[in-house]
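# Observations on chain architecture
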Amino acid sequence: MKAAPLIKEFEKNSSFDQVLVHTGQHYDKQMSECFFDDLGLPEPDIYLGVGSGTHGVQTGNIMIEFEKVCFSEKPDLILVVGDVNSTIACAIVASKLFIPVGHVEAGLRSFDRTMPEEINRILTDQISDYLFTTCRDADRNLIEEGICAEKIHFVGNVMIDTLLSNIEKSNKSNILEKLKLKEKNKIRKYALLTLHRPSNVDKEKVLLGILKAFKRISRELPVIFPAHPRTIKQIRKFKLEEMMSYCENISHCELNFIGQDILAVPPLAYHDFQCLMSHAKIVLTDSGGIQEETTILQVPCLTIRDNTERPVTITEGTNIMVGSDPDKIVDTALKVLRDGIIRKKIPEYWDGKAAERIVEILKSK
């Protein structure tokens, strides 16, 4: 989602020849391939196929394979996005080969170094030559870490570029009909849930408490749960399957609208998920990107974390931090469902033109 607007903007500009490298860190068909199809992206020029593994194994394998790409392609610039292992691995390789690095989504900080993504963010920013930020507080974070102001460029949010350019297609999704959430042009009330962070799903007591909170919320309205494969694996490991219904075939799901139903489904394609999110009464998540997207869609978002690297979604958006305490999750959700939220403003430069600004900056260098 972050690469898509950049790829399309580079395609329009004859000043650049781009090579798209897919590391294979996200290799599940539903978590990767369908996004290429939905977003109209070209096939990757190079696929490294690194797959899963521990952080050290995965990062190391990406570095080994990506170094070969750098030797063969001899790029003038490496552009990395986000905060995953692929981001830091490719940035390190490029930096050691004296290839300039541009980091898209630089400067975001949760100030929680137990998060692997936080380490990836900090280290990538320290070795990048172009730091493209989504918000003003990211600029301040970088300055406070001693990064030269001339390297920092406030451009806006490429995730929002993708969201805004796909709204029409997302609105045409038939996912609401498939899940029996829409009949005769009337949309039923429902909540949308995503959950995948290790801090929430790797400890049985924590995961059980969170699921009990969602179960309580489901008495008010059904909870739709597009489930990350790793989360389903942990739910099965801890034998918590009875906390929800699981439907492998969305077209044959039976949703209980009387209440007490969490419906887990496989990961969804981009347009299907955006459609579900835009019509939800409330979104429950531990994802960073969803905090941003709900802010644009003006949908209430409860973040199941104790911190966020995207505080602008709280100060200017629709995001509320609730942590993993079951009582706080339930109390806040019920209050939001009853009273709604104060809809604030759209953050500066979240206007669908971030990729355009990035390309213009690179053209001028």
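Definitions and cut-offs
Residues numbered from 1 in each chain as written. Predicted model: local features only at pLDDT ≥ 70, side-chain atom pairs only at ≥ 80, totals over all residues. Heavy atoms only, no water. Phe/Tyr/Trp six-rings, centres within 6.5 Å; stacked < 30°, edge-to-face > 60°. Helix = DSSP H or I, 4+ residues; strand = E, 2+ residues; numbered from the N terminus. Buried < 20%, exposed > 50% of the residue type's maximum accessible area, 1.4 Å probe, protein only. Pairing = 2+ DSSP bridges. Axes fitted to C-alpha atoms, helices over the stretch in contact; angles between N-to-C directions. Contact = heavy atoms within 4.5 Å.

### With respect to the packing of aromatic side chains
- Counted by the stated rule, this structure contains four aromatic pairs.
- Aromatic side chains Phe154 and Tyr349 sit 4.9 Å apart centroid to centroid with 15° between the ring planes, which places their arrangement in the stacked category. Taken as a pair, Phe154 in strand S6 (residues 152–154) and Tyr349 in the loop between helix H16 (326–339) and helix H17 (354–364) lie far apart in primary sequence, 195 residues in all.
- The class for Phe154 is buried, based on a relative accessible area of 13%.

### Regarding the sheet that holds strand S15 (residues 319–321)
- Taking strand neighbours across the sheet as the criterion, the seven strands line up as S11-S12-S10-S9-S13-S14-S15 in an open arrangement whose pairing is parallel. What marks the edges here is a single partner per strand, and that holds for strand S11 (245–246) and S15.
- Judged from the four bridges that link them, strand S10 (residues 223–226) and strand S12 (residues 262–265) form a sheet pairing that is parallel. What sits directly across from Ile224, in S12, is Leu263.

### Here we look at the sheet that holds strand S5 (residues 130–133)
- The four strands lie next to each other as S3-S4-S5-S6, forming an open sheet whose pairing is parallel. Of all the strands in the sheet, just strand S3 (78–81) and S6 have a single pairing partner and so form its edges. Strand-to-strand twist across the sheet, computed as the mean angle between neighbouring axes with direction ignored, equals 20°.
- Both S3 and strand S4 (residues 101–106) contribute to a ladder of four bridges, which runs parallel. Considered in S4, the bridge of Leu79 is made with Gly102.
- Across the sheet, helix H4 (residues 85–96) is in contact with S3 and S4; its angle to S3 comes to roughly 160°.

Any functional reading would require information beyond the geometric quantities listed.
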